[in-house]
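So you can see what is in the structure, the chains are spelled out below.
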Amino acid sequence: MQQTESARAQLRDLIVAGAYAPGERLTETEVAQSLAMSRTPVREAFRALVSDGLVRSAGRGVQVVALDVEALRHAYQVRAALEALTAELAARRQAQGRIAPADLAALVDDAEQAGTATLAGEFAAAAGHSRRFHTRLAALAANPVASAALDRLWDQIVVSTRASLDPPGRPAHVNGQHRELLAAIREGRAADAAAVARAHVLDTLGEGSD
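All figures in this text were calculated on a predicted structure; none of them were measured in a lab. (Residues numbered from 1 in each chain as written. Predicted model: local features only at pLDDT ≥ 70, side-chain atom pairs only at ≥ 80, totals over all residues. Heavy atoms only, no water.)

## Brief notes about the overall build of the protein chain
Item 1. Summing up its helical and strand segments, the protein chain has nine helices and three strands in all.
Item 2. In the protein chain, the succession of helices and strands from N to C terminus is α-β-α-α-β-β-α-α-α-α-α-α.
Item 3. For the protein chain, the C-alpha radius of gyration of 18 Å lies close to 17 Å, the compact-globule estimate for 210 residues.
Item 4. With respect to the principal axes defined by its C-alpha atoms, the protein chain has extents near 55 × 35 × 30 Å. (Helix = DSSP H or I, 4+ residues; strand = E, 2+ residues; numbered from the N terminus. Rg over C-alpha atoms; globule rule 2.2 N^0.38 Å.)

And the structure:
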């Protein structure tokens, strides 16, 4: 089981990082050699990654999956709903005094690093900081089901959009939304936090008015 989890984690990281491109076929033998382990944990890892939506079965191996335009739209819509939920829950917990100041400070730092990288034109780094910001925010909501679902959606979206990684059309707007979201959470304004989080995701998709 430990080797299977190790294989799954390593393969997931490689796929999300772009080491394996969408459409690329992976075989048990090749991956086992690459990870220096037997084929059995790799086979089990393949099955788990199929369930995660990152690969699909392809003969005696798997193929890295990229969502098509419609599926990507659906993924963003679900992500928007989940991020609205986690932002609302985090703001409520903040209003109840259940979020440690250090955790809130770390969230602010993630947002600042994302903003700095975006304005510097370091868009790959900005995407990484932004994901850490949203992952930390989900953790502050203390809803592990929502956090796990968001992680899965983030992975699928990253793999599907990596080839077309473009600078944000309105970097100041994106950074401003992060600041609005932080303010709503700090002040315990749950409804506002949910609205900003939802708009932030749908703006990325181009459906801010949806």
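That was the structure; now back to the text.
## Brief notes about the packing of aromatic side chains
Item 1. Tallied over the full model, the rule gives zero aromatic pairs.
Item 2. In this structure, R79 packs its charged tip against the face of W154, placed 4.2 Å from the ring centre. (Phe/Tyr/Trp six-rings, centres within 6.5 Å; stacked < 30°, edge-to-face > 60°. Lys NZ or Arg CZ within 6 Å of the ring centre and 35° of its normal.)

## Things to note about the side chain of R79
Item 1. Its location among the elements puts R79 in helix 4 (residues 69-95).
Item 2. For R79, a relative accessible area of 5% gives the class buried. (Buried < 20%, exposed > 50% of the residue type's maximum accessible area, 1.4 Å probe, protein only.)

## Concerning the environment of H129
Item 1. Relative to the helices and strands, H129 is located in helix 6 (residues 123-140).
Item 2. Taking the relative accessible area as the measure of exposure, H129 reaches 14% and is therefore buried.
Item 3. Distance in space between the C-alpha atoms of H129 and T86 is 18 Å, their sequence separation being 43 residues.
Item 4. For H129, the residues in contact, after removing those within four places along its chain, are D110, Q113, A114 and A117. (Contact = heavy atoms within 4.5 Å.)

## Observations regarding the pairing of strand 3 (residues 61-64)
Item 1. The pairing of strand 1 (residues 25-27) with strand 3 spans three bridges and is classified as antiparallel. If you follow T27 over to strand 3, its bridge partner there is G61.
Item 2. One ladder, built from four bridges, connects strand 2 (residues 55-58) with strand 3; its direction is antiparallel. Counted as the bridge partner of S57 is V62 from strand 3.
Item 3. Taken together, strand 2 and the strand that follows it, strand 3, pair antiparallel across an intervening segment of two residues, in which G59 is found at a positive phi of about 65°. (Pairing = 2+ DSSP bridges.)

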